[in-house]
Structure formats: structure tokens, C-alpha cells
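Here's the letter readout for the chains.
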Amino acid sequence: MKRIILLMTVAAVVVVGTLFAVSVAGAHKHPTAKAQKHPTRKVLIQNFRFKPAHITIKRGMRVRWINKDSAAHTATANNGRSFDSGRLGKGQRYTHTFKRAGKKPYHCKIHPHMRGSVVVKRWR
Ligand SMILES: [Cu+2]
């Protein structure tokens, strides 16, 4: 959904930019192009679940976990070293950049039944 809104925004920027290209010659740029190259995927922590629990991203992308619960949670790699958010209170967030391809299962240290995974692909 976010992606569609972003694409629509980009389309709108391009259309508006084209319409005003004559009057603002030289200032016609695509400010969102850079941001799109390494987008951030959001994973909400809500009702003692990771939402979505399983995501696939490209290498170099970031994942941002946001705790929407009143209870504290963590996003901790099962291998114990790839990434660990530490204790996230209500509204707190943690961002990690995934530089290596592979499947990265993770869990919440406080509630071990909470599980998720990030699959990092080399290419699209
Ligand atoms: Cu938890």
C-alpha cells in the first residue's frame, strides 16, 4: 500500500515537473529517486506479532521494526549476532541494514513464541 502511494507520488511529481519544465528549467529533478534505491521496509510489532512476520528484501535494504504494543519486545536474530534491537518500549523503533544475502530468522527475546524472518536476496 505504501509502495503504491509512493509510486503515485512519484508519478504526480513527474507530471507536475513536466508541466512546469519551461518555467522552472534547470530545477527539474527527481528527489525521490535516491530514496527509492535503498528503501526501508517496515515491520510493525503489534498484538505480540511481527507484521508481516516474513519479508523478502534486496541486499543493502533496511528493515525498521516499530513496537506498537504497550509491552516491550525485541527483534533478535536467532543466531544471536546478526542483529538485536534490544528492549523496545512502546513506540520505539530499531533499524538494521542487511548487507549479506540469506535467510535471517529472528524472535522476540521476551516472548520467544514471537517469530519472524527476513530473506535477503542478492538481486531483485
Ligand atoms: Cu515480545
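Residues numbered from 1 in each chain as written. Predicted model: local features only at pLDDT ≥ 70, side-chain atom pairs only at ≥ 80, totals over all residues. Heavy atoms only, no water.

### A short note on the overall build of the protein
So, step 1. A count of helices and strands for the protein gives two helices and eight strands.
So, step 2. Listing the helices and strands of the protein from first to last along the sequence gives α-α-β-β-β-β-β-β-β-β.
So, step 3. For the protein, buried positions account for 28% of its 124 residues.
So, step 4. Of all intrachain contacts in the protein linking residues separated by at least 6 positions in sequence, the fraction that spans at least 24 positions is 50%.
So, step 5. Working note: accessible area of the protein is about 8,600 Å², and carbon and sulfur atoms make up 57% of it. (Helix = DSSP H or I, 4+ residues; strand = E, 2+ residues; numbered from the N terminus. Buried < 20%, exposed > 50% of the residue type's maximum accessible area, 1.4 Å probe, protein only. Contact = heavy atoms within 4.5 Å. Areas by Shrake-Rupley, 256 points an atom, 1.4 Å probe, with all protein chains shown as cover.)

### Topic: the coordination of the copper ion
So, step 1. Looking at the metal site, the copper ion is ligated by His73 (ND1), Cys108 (SG) and His111 (ND1), spaced 1.9 to 2.2 Å from it.
So, step 2. Look at where the donors of the copper ion fall in the sequence and you get H-x34-C-x2-H. Placement of histidine 73 in the loop between strand 4 (62-67) and strand 5 (76-77) and of cysteine 108 in the loop between strand 7 (102-107) and strand 8 (115-121) is noted, with a sequence separation of 35 residues between them.
So, step 3. The class for cysteine 108 is buried, based on a relative accessible area of 0%. (Donors = N, O, S within 2.8 Å, 3.2 Å for Na, K, Ca; no water.)

### A short note on the nonpolar core
So, step 1. With 19 residues, the main nonpolar core has Phe50, Ile57, Val63, Trp65, Phe98, Tyr106 and Val118 as its most contacted residues.
So, step 2. Of all the secondary-structure elements, those providing two or more residues to this core are strand 1 (40-46), strand 3 (54-58), strand 4 and strand 8. (Core = buried A, V, L, I, M, F, W, Y, C linked by side-chain atoms within 4.5 Å.)

### Here we look at the pattern of salt bridges
Close approach of charged atoms lets side chains of opposite charge pair.
So, step 1. Scanning all chains against the criterion turns up one salt bridge.
So, step 2. For the salt bridge of lysine 109 with aspartate 84, the shortest nitrogen-to-oxygen distance reads 2.9 Å. One end of the pair, lysine 109, is in the loop between strand 7 and strand 8; the other, aspartate 84, is in the loop between strand 5 and strand 6 (93-97), and 25 residues separate them in sequence.
So, step 3. Relative accessible area serves as the criterion here: at 31%, aspartate 84 is assigned to the partly exposed category. (Salt bridge = Lys/Arg side-chain N within 4 Å of Asp/Glu carboxyl O.)

### Overview of the sheet that holds strand 2 (residues 49-51)
So, step 1. Within the open sheet, the four strands sit side by side as 2-1-4-6. Their pairing is mixed. Whereas interior strands pair on both sides, the edge strands pair on one side only; in this sheet they are strand 2 and strand 6. Across the sheet, the mean angle from the axis of one strand to that of its neighbour is 20°, orientation sign disregarded.
So, step 2. Across six bridges, the pairing between strand 1 and strand 4 is parallel. The partner of valine 43 across the bridge, within strand 4, is tryptophan 65. (Pairing = 2+ DSSP bridges. Axes fitted to C-alpha atoms, helices over the stretch in contact; angles between N-to-C directions.)

### Quick look at the sheet that holds strand 3
So, step 1. Reading across the sheet, the four strands line up as 3-8-7-5 and stay open at both edges, with mixed pairing between neighbours. Two strands lie at the open edges of the sheet, namely strand 3 and strand 5, each paired on one side alone.
So, step 2. Two elements, strand 7 and strand 8, share six bridges in a ladder whose sense is antiparallel. Residue pairing across strands places tyrosine 106 opposite glycine 116, the latter belonging to strand 8.

All we've got here are geometric facts, nothing functional implied.
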